[in-house]
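Spelled out from the first residue to the last, the chains are:
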There are 2 protein chains.
Amino acid sequence: MKIKKEVTIYDLAKELNYSPSTISRALNNHKSISKKTIKLIKEAAVEMGYRPNNLAAGLRNNRSNTIGILISHISRPFQASLISGIEETARKAGYNVLISQSNDKYENEISNTNALYDSRITGLIVSLSMETVDMGHFQKFIDKGIPIVFVDRVPDNFNSYKVVIDNYTAGYSATKHLIEQGCTRIAHFAGAQHRNIYEERKKGYLDALREYGLPIEEDLIIHFKTLSFEEGNKATKKLLKMPNPPDGIFSSNDTAAVSAIMCAKKMGVSVPQDLAVIGFNDDPIASIVQPSLSTVSHPANKMGTISARRILDHSVQNYDNDLSEITVLGTEIIVRESSLKKTPVLEPKQSR
Amino acid sequence: MKIKKEVTIYDLAKELNYSPSTISRALNNHKSISKKTIKLIKEAAVEMGYRPNNLAAGLRNNRSNTIGILISHISRPFQASLISGIEETARKAGYNVLISQSNDKYENEISNTNALYDSRITGLIVSLSMETVDMGHFQKFIDKGIPIVFVDRVPDNFNSYKVVIDNYTAGYSATKHLIEQGCTRIAHFAGAQHRNIYEERKKGYLDALREYGLPIEEDLIIHFKTLSFEEGNKATKKLLKMPNPPDGIFSSNDTAAVSAIMCAKKMGVSVPQDLAVIGFNDDPIASIVQPSLSTVSHPANKMGTISARRILDHSVQNYDNDLSEITVLGTEIIVRESSLKKTPVLEPKQSR
DNA sequence: ATAGGTATCGAAATCGATTGCATAAATTTA
DNA sequence: TAAATTTATGCAATCGATTTCGATACCTAT
């Protein structure tokens, strides 16, 4: 199979008897080229099958019209939605999107930041790995004026754009909701406490208990490593076997919350009557499990959109110093069956 | 904030009194550079904070060590896993990954292929949009010798690498499973028939019925547009209201299958006794819904890995003509509760 | 000592697009 | 009509890495 040669602006120039400069300017709608010429050149470009070479343009301009993403797991629903939001926004603006996943490993995060840097991305959007503590690998972007947007899992010791939800309030509201449903011994599935999101959710939980005069029992606060289904299962089993088991669980994610529901059912503990459960994220499984899971909804796609916008706006306005705009988005408590002890479920109790 | 200047191989050259050629070769472990020199140069590179410029290298080599992905929706579990597999494989080989989603629009697919082409990707991995019929927008890759791997949703009129599962056999086996469970009137949730995957699943379904001497009833075959939850709900309602309703459903995806289960429960039809259900994909919701959903599992991550490998291998071996290796992967029927009419469920029937 | 080999390294062209500066032509102004 | 603008376009350098030819120095064998 023969490989066709590339059509470049030089080919266009030769063909149309213009200089490459004019071709380039015409294709970019430069104002110093007459409309007639622009039209002529653009039509010829299409006809000859010309396609711009981003590598060449990027080299020359020292930017690649590409947004880099660094997240931990693409197939987590939240992160997939995040990426989706970024991609849509970026593409509309003519930007490409490079992705990389750390699998929650610090080491991967470092090599991925390097790989993205080497591609001279316009900006970077990051949700930190579970392990990351040191932030040194991000400095090179700052030094070169490449904007970084931290999203969801953000550092607290690094000055940059941030897009987050109000995890404290969400944790507070979720816990308060359980309290209002009559729970008095509420357990908490906590995530790694060096990650802001889990730390703040826990703080919200604690403050809600305090506010309502409920005792804080360390035994009811389980610290998870990954908030996986298996971990949730084990924790729930342990909790329900306690002499004085909890009557509510606020889980820092839906996966563990769902495992709690399923575990409780298996152990003959009825949800929500004996155990009310509320999760976090509003993953698809939340509305499928029975009883359906109350949870905190996370505007993932929107967070992606906003993060991408930050990068795009930055590169236009070229801020020089105020590299620290923080966007805090609200969350919503989605009340489903798993936490609804007081008001009867709307539909009649058939088939359950 | 000041922007630091880029460290280039020229800076290294000046600093170390070598020519840029030598620096370049040393960094690439070229054999004509002594090990001592290589070590010296590499150490200096690290110390001076040198980072290669992929744009420059890519321009010179006319390749960017980047794999482009074109799928329809990032947040579909299957596609997210696919991307994940591609990303992992690519990154291990030192490649970056550009993503784009068509949202199942032909128009987006075209503009995205252009955007990816303009970035001079090394290869392209595609799962076709629902609308795509004409394949003209892929020709430019072939012309330039850029390999394309079609995965899952593949064309049948275009010569290129393909990575698929055996949809026909999967459809056949799923249907056969329902028949073996005693179903005699099996409905089928079919997807758009111009997409290979849905067409073949349906063919397998039809052949299974024929083989077991069951009549084919057009009324039991519902053609979906998107196989969404809502569509599934509506279809199930319609089916169950028939004078002679089906006793089994083979759905082309899990979303619609789950909606069928939930709809049946709401209508007082017990699953699997009165209605056995089997889905396709093994999405997370499949194991969460109650009764849990039997389904066909799809090696999504592996398909991603293989697709990426195809690109990588191609660019090494530089095949010239045999651009049509097809990989067919097997699937697995996952039997859960929703289809198990004969054998009793293993766990005792508590709490259900 | 000389031819041939090998190990190391350099000069300079190249990839394709962009852009500051210069120029030529067309138009307006004085 | 000459001068001053404005409009439209070209020249040539530039971005950073790679690679084709060679060139040089050092060895080895005859």
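Cut-offs used in this document
- Residues numbered from 1 in each chain as written.
- Chains lettered and ligands numbered in written order.
- Predicted model: local features only at pLDDT ≥ 70, side-chain atom pairs only at ≥ 80, totals over all residues.
- Heavy atoms only, no water.
- Near = heavy atom within 4 Å.
- Polar contact = N/O pair within 3.5 Å; in protein donor to acceptor, adjacent residues only side chain to side chain.
- Helix = DSSP H or I, 4+ residues; strand = E, 2+ residues; numbered from the N terminus.
- Least-squares fit on C-alpha atoms with pLDDT ≥ 70 in both.
- Contact = heavy atoms within 4.5 Å.
- Expected span 1.5 Å × (residues − 1).

Engineer: It is not clear to me how the protein's contact with DNA strand C should be interpreted in this structure. Could you clarify?
Structural biologist: Near DNA strand C there are 27 residues, and of these Ile9(A), Tyr50(A), Arg60(A), Thr22(B) and Arg25(B) occur at the shortest range. Each atom of DNA strand C within 4 Å of the protein was assigned to sugar, phosphate or base; sugar and phosphate come to 56%. At a separation of 3.3 Å, a base oxygen of DNA strand C approaches a polar side-chain atom of Ser21(A). Between DNA strand C and Arg60(B) there is a distance of 2.9 Å, counted from a base oxygen to a side-chain nitrogen or oxygen. Counting only elements with at least two residues in the surface near DNA strand C, the list comes to helix H1 (9-16), helix H2 (20-27) and helix H4 (54-61) of chain A together with helix H2 (20-27) and helix H4 (54-61) of chain B. A per-element tally of the surface near DNA strand C places H4(A) first, with four residues.

Engineer: Help me understand the relation of the copies chain A and chain B in this model?
Structural biologist: Of the transformation superimposing chain A on chain B, the axial component is 0.0 Å and the angular component is 180°, with the fit at an RMSD of 0.1 Å. Taken together, the rotation and translation relating the two chain copies correspond to the operation of a two-fold axis. Of the interface residues in chain A, 100% have counterparts in chain B that sit at the interface too, so the contact is made through matching surfaces.

Engineer: Mind showing me how you'd approach unusual backbone geometry here?
Structural biologist: With the exception of glycine, most residues fall at negative phi, and the peptide bonds are largely trans. Of the consecutive residues Val271(A) and Pro272(A), the connecting peptide bond is found in the cis state with omega at 5°. Following the sequence through the fold, Pro272(A) ends up in the loop between helix H11 (254-266) and strand E9 (276-278). For Asn103(B), which is not glycine, the phi dihedral falls at a positive 55°. Its location among the elements puts Asn103(B) in the loop between strand E2 (96-101) and helix H6 (106-118).

Engineer: Whenever I open this one, helix H6 (residues 106-118) of chain A confuses me. Can you help?
Structural biologist: For an α-helix, the turn length of 3.6 residues means that residues three or four places apart are oriented alike. The end-to-end C-alpha distance of H6(A) is 19 Å, a good match for the 18 Å that 13 residues give at a rise of 1.5 Å each. Arg120(A) occupies a position one or two residues after H6(A) and carries a positive phi of about 50°.

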